[in-house]
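Topology and contacts: notes
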Amino acid sequence: MGTNGHEHVIEVTDLRRVYGGGFEAVRGIGFSVRRGEIFALLGTNGAGKTSTVELLEGLARPDGGRVRVLGHDPYTDRAAVRPRTGVMLQEGGFPSELTVAETLRMWAACTSGARPQGALARVGLASKDGTRVKQLSGGERRRLDLALALLGEPEVLFLDEPTTGLDAEGRRDTWELVRALRDGGTTVLLTTHYLEEAEALADRLAILHEGRIAAAGTPAEVTAAQPSRISFELPAGYFLGDLPPLDELGVCDHETAGRTVRLRTRELQRAATRLLVWADGAGVELRGLDMRSASLEEAFLGIAQEASAASRTKEYAA
């Protein structure tokens, strides 16, 4: 592993995890995360996200393959890895009768190199220091979880569904904090069900499906593999057949709903140009015109459907 700012601080090779009864939750995946990068691990329920993250955190031994965090095996070299990492679980499980400040002090006493000063202000909880944990809202508990994960100024930060329960403002504040951590050199591995969160934060991502990586790359690379879409209202007196031939527009799918036409194309610029040239030549206005690349949500759903169809085909063939 190199010593420059682009070293891989997380390396996963042919990783496998098998549960009792032979269920293979993680089926030979591999990826790496560079220092100062936000990497999102996405997937439907049961895709293997939690199983993978637990192996990265050193909570279990892999059944196959290899994991390295900061150059160490996080399970066998836990003493070398744990002081340099921060973990935000889906549920903190803190004693409900303790106040926020008491919880912070307790956690700081168990954290190597903890810096509790200003930790609550950092996540917008300074005014809640005397409040009991049980009186916090769900979003406030998530803020407390994050504050505690950051106490040791970790080099690597694992965030498991970090904004669940937060309102829109709290989510945006958390995003800004995570970006600031990344810009300061912290490596962040993020799992989230909010695809717009992954799209907004992740430098790169991987989509898991049934224990395998179905797609990986930057958000732009992953979405670019899915069709873009164009929708508009047919001008009065015109029909679908009056448009330029759909194959000339690079259209791979289309549908109509009343006068509204929806086209899907892998060549958005070409389709948009020819459609607008046609409208200009015909002297008509395409009302409600909307052109956009696929969103990460559309890419996610498309990848999941394609992976499921491929799995069914293999089962039938077998």
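So, a few notes on the structure that sits alongside this text.

The rules behind each value
- Residues numbered from 1 in each chain as written.
- Predicted model: local features only at pLDDT ≥ 70, side-chain atom pairs only at ≥ 80, totals over all residues.
- Heavy atoms only, no water.
- Helix = DSSP H or I, 4+ residues; strand = E, 2+ residues; numbered from the N terminus.
- Buried < 20%, exposed > 50% of the residue type's maximum accessible area, 1.4 Å probe, protein only.
- Contact = heavy atoms within 4.5 Å.
- Areas by Shrake-Rupley, 256 points an atom, 1.4 Å probe, with all protein chains shown as cover.
- Lys, Arg positive; Asp, Glu negative; His and termini not counted.
- Charge placed at Lys NZ, Arg CZ, Asp CG, Glu CD.
- Pairing = 2+ DSSP bridges.
- Axes fitted to C-alpha atoms, helices over the stretch in contact; angles between N-to-C directions.
- Core = buried A, V, L, I, M, F, W, Y, C linked by side-chain atoms within 4.5 Å.
- Right-handed = clockwise from strand over helix to strand, strands pointing away.

For the rest of this paragraph, the subject is the overall build of the protein chain. Helix and strand counts for the protein chain stand at 10 helices and 13 strands. In terms of principal-axis extent, the alpha carbons of the protein chain reach across some 75 × 55 × 40 Å. In the protein chain, buried positions account for 44% of the 318 residues. A sequence separation of at least 24 residues applies to 66% of the contacts in the protein chain between residues at least 6 apart. Surface exposure of the protein chain reaches about 15,900 Å², of which carbon and sulfur atoms provide 47%. Of note, the protein chain has its 38 positive side-chain charges centred 4 Å away from the centre of its 45 negative side-chain charges.

Here we come to the sheet that holds strand β12 (residues 260-265). The four strands are arranged β11-β12-β10-β13 in an open sheet whose pairing can be described as antiparallel. A strand with exactly one partner marks an edge of an open sheet, and here the two such strands are β11 (251-257) and β13 (287-292). Looking at each pair of strands side by side, their axes are set apart by 10° on average, direction ignored. Of the pairings in the sheet, the one linking strand β10 (residues 228-233) to β13 comprises four bridges and is antiparallel in character. By the bridge assignment for β13, Ile-230 is matched with Met-291. Where helix α9 (residues 268-282) meets the sheet, it contacts β10, β12 and β13, and its direction lies at approximately 20° from that of β10.

A word on the environment of Phe-232. You can see Phe-232 is positioned in strand β10. The spatial distance from the C-alpha of Phe-232 to the C-alpha of Pro-219 is 27 Å, given a sequence separation of 13 residues. Look past the residues within four positions of Phe-232 in its chain and what remains in contact with it is Leu-243, Arg-259, Thr-260, Val-261, Leu-263, Leu-275, Leu-286, Arg-287, Gly-288 and Leu-289.

Once that is clear, we can look at the sheet that holds strand β7 (residues 187-191). What the six strands build is an open sheet, ordered β5-β6-β7-β3-β8-β9; its pairing is mixed. Edge strands, defined here as strands with exactly one partner in the open sheet, are β5 (85-88) and β9 (212-217). In this sheet, adjacent strand axes meet at a mean angle of 15° when their direction is disregarded. Across five bridges, strand β3 (residues 38-43) lies against strand β8 (residues 204-209) in parallel orientation. Looking at the pairing, Phe-39 lines up with Arg-204 of β8. Contacting β3, β6 (156-160), β7 and β8, helix α1 (residues 49-56) crosses the sheet at an angle of about 140° to β3.

By size, the foremost hydrophobic cluster in this structure holds 41 residues, and its most contacted members are Leu-42, Leu-144, Leu-159 and Leu-205. Counting residues per element, this core draws most heavily on helix α5 (residues 138-149), which supplies five residues. Apart from residues lying up to four places away in sequence, Leu-42 is in contact with Lys-49, Thr-192, Leu-195, Ala-198, Leu-205, Ala-206, Ile-207, Leu-208, Leu-296 and Phe-300. One finds Ile-10, Ile-29, Val-81 and Val-156 within the second-largest nonpolar core, a separate group that totals 25 residues.

Judged by how many residues are buried, β7 sits mostly within the fold: five of five residues are covered. Residues Thr-187, Leu-189 and Thr-191 line one face of β7 and the alternating positions Val-188 and Leu-190 line the opposite face, and both faces are buried. Sheet topology note: the β3/β7 ladder contains four bridges and is parallel. Residue Ala-40 lies in a different strand from β7, and its bridge partner there is Leu-190. With respect to chirality, the unit in which β6 leads through helix α6 (residues 168-183) into the neighbouring parallel β7 is right-handed.

Moving on, we come to α1. Most of α1 is tucked away: six of the eight residues are buried. Three or more residues of α1 are buried, namely Lys-49, Ser-51, Thr-52, Val-53, Leu-55 and Leu-56. Of the residues one or two after α1, Gly-58 is the one with positive phi, at around 80°.

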